[in-house]
Structure formats: structure tokens, C-alpha cells
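# Topology and contacts: notes
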Amino acid sequence: MTYTPIPQLGLGTFGRTGDAGIRAILSAIEIGYRHIDTAQSYDTESSVGEAIRRSGLPRSDFFVTTKVADTNLSKADFLPSVEKSLETIGTDQVDLLLIHWPSQNDEVPFDDYMLALAEARQRGWTRHIGVSNFPIALLDKAFALLGENTITTDQVEIHPYLQAPRLVNHCRSKGLALTAYQPLYKGAVNDDPLLKAIAETHGVTAAAVALAFLMAEGHAVIPASSSLENLRNNFASQDVNLTADEITRIRMLDRSARHINPAKSPRWDD
């Protein structure tokens, strides 16, 4: 499996705003989460920064990801938006900076925002760079522009019902890790008979089995929750060792069921 600096289990923070959001993120930190994912468009960068400060742990204990919104991809807006993100989080550097969505219909030239992403790293504003919601065609375009070893991850929707085999196989061939958002398909995995049966065998939840499966496939996962019980159950997925037969059976759940598919989406590979 390709080495990636991204901790395999992380915390998604979409919707975790205000005091309640800070408390939820702080609860996750207390459980042991150290990889925290935010974005300019989530309005949770301030919540993440405040939770980290309240935790009393050093900034160096955390792996923080944020994403540049598609509304900030232009030459005039890109780097100033990254500076604002750093100020909002309260850090001099994030660990991973992503393009959240590619520019729809190339309204902003591809090279402009990808080169700006590389410049953000050159300025020391991020340790690693990556992309999100990039299909194979755009990944290959990014590799051609920046080099195959410059991009750390492609963050995409992946879960047991959307396993994206074409994208996964292509990324494996390039040594590129994938980060799975919506890894629990909005909680629907909890009602899956197969996942529930496997979960019972391991003494965990169906959600933990889904996460363990994705991590066994080599992906990082960033489930989001405000529930203390769910945060703990999801964290327990790291200790679930699925058998080869269980992994094979879960692979058969794939049906290309996509939850996130806004009008600005690129042409997907699945």
C-alpha cells in the first residue's frame, strides 16, 4: 500500500458550527481524533481552530485539512483566501490544502488554480497539497502540470455503496491515496443487513465495519458526527480486522449510489 502522511481516520466537520460545533469537535479530540477536516465553504474553520486551542494540546499533534472553495479559485482570490483560512483557524500552516471542487466548465483556467495551490505550499502555508472531487481526467491533468508525486490525495465520496473501482484502481497505479467523505452514506450503512451481521461478529457497529472496510482498502475516512456515542463507535473502527471473506462480501455492496452530486460536479468515472 502506498505511504500517505494522512492519518487514516479523521473527523469531518461539515455542519459543526457555533458553540455546539466546537463542543462536538472538542469531544472528538478528547476521544482521540487528531485528523480534522474542514473547508472554507463549511464555515467550520473557526470551530476547528477554537476546539484545538481549548484542547490544550500542541498544534503539532493535529493533522488539519482545509479546502479552497470553487468561488475562490481565481488568481485574484486564491492566495488571499488561503491567508484568511489560516487566520480563521489560528495557525501559520495547515497540514493539507485541497481544491474543493474543480472550476465548472473551466470558468477559471485549470492551470491558474493548480499553480496557485502549488504556490501556497511553496510559501509554507501548507505541508501537503491535494484535490477533491477530481475524476481521472483532471487528476492526470494535475499530474502532468505539477508532477505525479506532488498531490497527496483526492478526497471523494466513497462508501460501501459507491466504491468507485475505476478511480481507485487508477489512483493506486499512480500511488495516490484517496480520502473518503460521506463514508457512512449519511448513516444508511447502519441499516445494512450484511454490515450489521459482520458488526455483530466483531462486537462493533455497522458504521465501524464500513469504516474498517474503507481503511482496509487503503483509504482515509472522515466521518462526521456530533454524537458522543457515534464518535466513539467510529473511532473503534481502527481496531476492527476484517477477514478476506468479509471484505469480499462488502465489495459486492457496490452499486454506484452517489449522494453528493451538485450541478457543478465534473463527469464522474463510475
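Given the structure is predicted, the values throughout are model-derived calculations rather than measurements.

All right, on to the packing of aromatic side chains then. Geometry of an aromatic ring pair is reported as the spacing of the ring centres plus the angle between the planes. Counting across every chain of the model gives six aromatic pairs. A centroid spacing of 5.1 Å and a plane angle of 50 degrees characterise the contact between Y33 and F235, whose relative ring orientation is tilted. Placement of Y33 in the loop between α1 (18-31) and β2 (35-37) and of F235 in helix α9 (residues 228-235) is noted, with a sequence separation of 202 residues between them. Given the relative accessible area of 23%, F235 is considered partly exposed.

Estimates place the volume of the largest pocket at around 760 Å³. F14, Y181, Q182, K186 and A224 are, among the 35 residues lining the largest pocket, the residues nearest its centre. Tallying contributions element by element places α9 first for the lining of the largest pocket, with three residues.

The strand order across the open sheet built from eight strands is β1-β2-β3-β4-β5-β6-β7-β8, with neighbouring strands paired in parallel fashion. Two strands in the sheet have a free side with no partner beyond their single neighbour: β1 (11-12) and β8 (220-221). Bridging between strand β7 (residues 177-181) and β8 involves two bridges; their strand directions are parallel. In the strand pairing of β8, T179 is matched with A220. In the packing of helix α4 (residues 110-122) onto the sheet, the strands contacted are β4 (94-99), β5 (126-132) and β6 (151-157), and the crossing angle to β5 comes to about 160 degrees.

Looking now at the nonpolar core. Counting residues in each nonpolar core, the largest one holds 77 residues, and the members touching the most others are F78 and M114. In terms of residues, this core owes the most to one element, helix α8 (residues 206-216), which gives nine residues. Residues contacting F78, with those up to four places away along its chain left out, are V68, N72, L73, I99, Y113, A116 and L117.

Despite not being glycine, N133 shows a phi value in the positive range, around 60 degrees. Counting through the fold element by element, N133 comes out in the loop between β5 and α5 (136-146). Judged by its relative accessible area of 1%, N133 falls in the buried class. Phi at A164 is positive, roughly 45 degrees, even though this residue is not glycine.

Moving on, we get to the environment of G203. By the element assignment, G203 lies in the loop between α7 (193-202) and α8. Looking at G203, the relative accessible area reads 65%, which means it is exposed. Between the C-alpha atoms of G203 and V240, which are 37 residues apart in sequence, the distance is 9.2 Å.

As a further point, take the pattern of salt bridges. Evaluation of the coordinates by the stated rule reveals 10 salt bridges. Across the pair D37 and K67 runs a salt bridge whose closest N-O atoms are separated by 2.5 Å. Pair noted here: D37 is in strand β2 and K67 is in strand β3 (residues 63-68), with a separation of 30 residues, a long-range link. We note that D37, like K67, is buried. In this structure, E50 and R54 form a salt bridge, with 3.0 Å as the shortest nitrogen-oxygen distance. One end of the pair is E50 and the other is R54, both in helix α2 (residues 45-55) and four residues apart, which spans about a single turn. Classification of R54 by relative accessible area gives partly exposed; the value is 46%. What emerges from the salt-bridge pattern is a single network uniting E50, R53 and R54.

Definitions and limits used
Residues numbered from 1 in each chain as written. Predicted model: local features only at pLDDT ≥ 70, side-chain atom pairs only at ≥ 80, totals over all residues. Heavy atoms only, no water. Phe/Tyr/Trp six-rings, centres within 6.5 Å; stacked < 30°, edge-to-face > 60°. Helix = DSSP H or I, 4+ residues; strand = E, 2+ residues; numbered from the N terminus. Buried < 20%, exposed > 50% of the residue type's maximum accessible area, 1.4 Å probe, protein only. 1 Å grid on protein atoms, 1.4 Å probe; cavity = no way out; pocket = protein on both sides within 12 Å on 5 of 7 lines; lining within 4 Å. Points joined across faces, edges and corners; volume = space filled by probe spheres on them. Pairing = 2+ DSSP bridges. Contact = heavy atoms within 4.5 Å. Axes fitted to C-alpha atoms, helices over the stretch in contact; angles between N-to-C directions. Core = buried A, V, L, I, M, F, W, Y, C linked by side-chain atoms within 4.5 Å. Salt bridge = Lys/Arg side-chain N within 4 Å of Asp/Glu carboxyl O.

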